[in-house]
Amino acid sequence: MITKGELKELGKKKQKIFSATDEIKILIENYKSKEINLFYNGCNRNELIKLWKDCLIDLNDININL
């Protein structure tokens, strides 16, 4: 049987997960818009690769404490 305290704790954990998911979504959308701008401004392939490498580094830096 789950106690009220455990249920409350699960709710907090779920909220943290949604918060982290939103942070990741926003970061990726930001990089997608940067990619579109680079693409339409005639960038080369190396610039796109560097952009997404930077995105991966930023994703790795997101601190998710569950």
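Anything mentioned here points back to the structure above.
A few points on the structure. Computed from a prediction, not measured in an experiment: that's the story for all the values here.

Regarding the overall build of the protein chain
Part 1: Secondary structure assignment for the protein chain yields two helices and zero strands.
Part 2: Against the compact-globule benchmark of 11 Å for 66 residues, the protein chain has a radius of gyration of 18 Å, which places it well outside the compact range.
Part 3: Its C-alpha atoms give the protein chain principal-axis dimensions of roughly 60 × 15 × 15 Å.
Part 4: Scored against the burial criterion, the 66 residues of the protein chain give a buried share of 11%.
Part 5: Carbon and sulfur atoms form 57% of the exposed surface of the protein chain, whose accessible area is close to 5,900 Å².
Part 6: For the protein chain, the separation between the mean place of its 12 positive charges and that of its 10 negative charges on side chains is 6 Å.

Examining the pattern of salt bridges
Part 1: Overall, the coordinates contain two salt bridges when judged by the stated rule.
Part 2: When the shortest N-O distance is used, the salt bridge between glutamate 29 and lysine 32 registers 3.6 Å. Residue glutamate 29 and its partner lysine 32 are both found in helix α1 (residues 4-40); the two are separated by three residues, about one turn of the helix.
Part 3: Residues aspartate 54 and lysine 50 are paired through a salt bridge, measuring 3.1 Å at the closest nitrogen-oxygen approach. With aspartate 54 and lysine 50 both in helix α2 (residues 45-61) and four residues apart, the pair spans about one turn of that helix.
Part 4: Residue aspartate 54 is classed as partly exposed on the basis of its relative accessible area, which comes to 25%.

A word on the nonpolar core
Part 1: Judged by nonpolar contacts, Leu27, Tyr31, Leu51, Cys55 and Ile62 together constitute the single largest core of five residues.
Part 2: The set of elements that each furnish at least two residues to this core consists of α1 and α2.

Quick notes on the environment of aspartate 61
Part 1: Structurally, aspartate 61 can be placed in helix α2.
Part 2: Note on aspartate 61: relative accessible area 56%, which makes it exposed.
Part 3: For the pair aspartate 61 and lysine 13, spaced 48 residues apart in sequence, the C-alpha to C-alpha distance is 20 Å.

Some details on a nonpolar patch on the surface
Part 1: Together, Ile36, Phe39 and Tyr40 make up a nonpolar patch on the protein surface, roughly 400 Å² of accessible area in all.
Part 2: Position of phenylalanine 39 among the secondary structure elements: in helix α1.

What counts and how
- Each chain carries its own residue numbering, running from 1 in the written order of its sequence.
- Only residues with pLDDT of 70 or above have their local features reported here, since the model is predicted, and side-chain atom pairs are shown and tallied only from 80 upward, although totals for entire chains, interfaces and linings are computed over all residues.
- For side-chain calculations, the full set of non-hydrogen atoms in the structure is used, while hydrogens and water are omitted.
- What counts as a helix is a DSSP run of H or I of at least four residues, what counts as a strand is a run of E of at least two, and both are numbered from the N terminus.
- Here the globule rule reads 2.2 Å times residues to the power 0.38, and the radius of gyration is calculated from C-alpha atoms.
- Think of it in three bands: residues with accessible area under 20% of the maximum for their type are buried, residues over 50% are exposed, and the middle band is partly exposed, with areas taken using a 1.4 Å probe on protein chains only.
- Using a 1.4 Å probe, accessible areas were evaluated by the Shrake-Rupley method; residue-level cover was limited to the displayed protein chains.
- The charge count treats Lys and Arg as positive and Asp and Glu as negative. His and the chain ends do not count.
- Think of each charge as sitting on NZ of Lys, CZ of Arg, CG of Asp or CD of Glu.
- Counted as salt bridges are all cases of a side-chain nitrogen of Lys or Arg within 4 Å of a carboxyl oxygen of Asp or Glu.
- Take the buried Ala, Val, Leu, Ile, Met, Phe, Trp, Tyr and Cys residues and link them wherever side-chain atoms come within 4.5 Å; each set so joined is a nonpolar core.
- The patches described consist of residues with a relative accessible area above 30% and no salt bridge, like charges being joined within 9 Å and nonpolar side chains (Val, Leu, Ile, Met, Phe, Trp, Tyr) within 5 Å.

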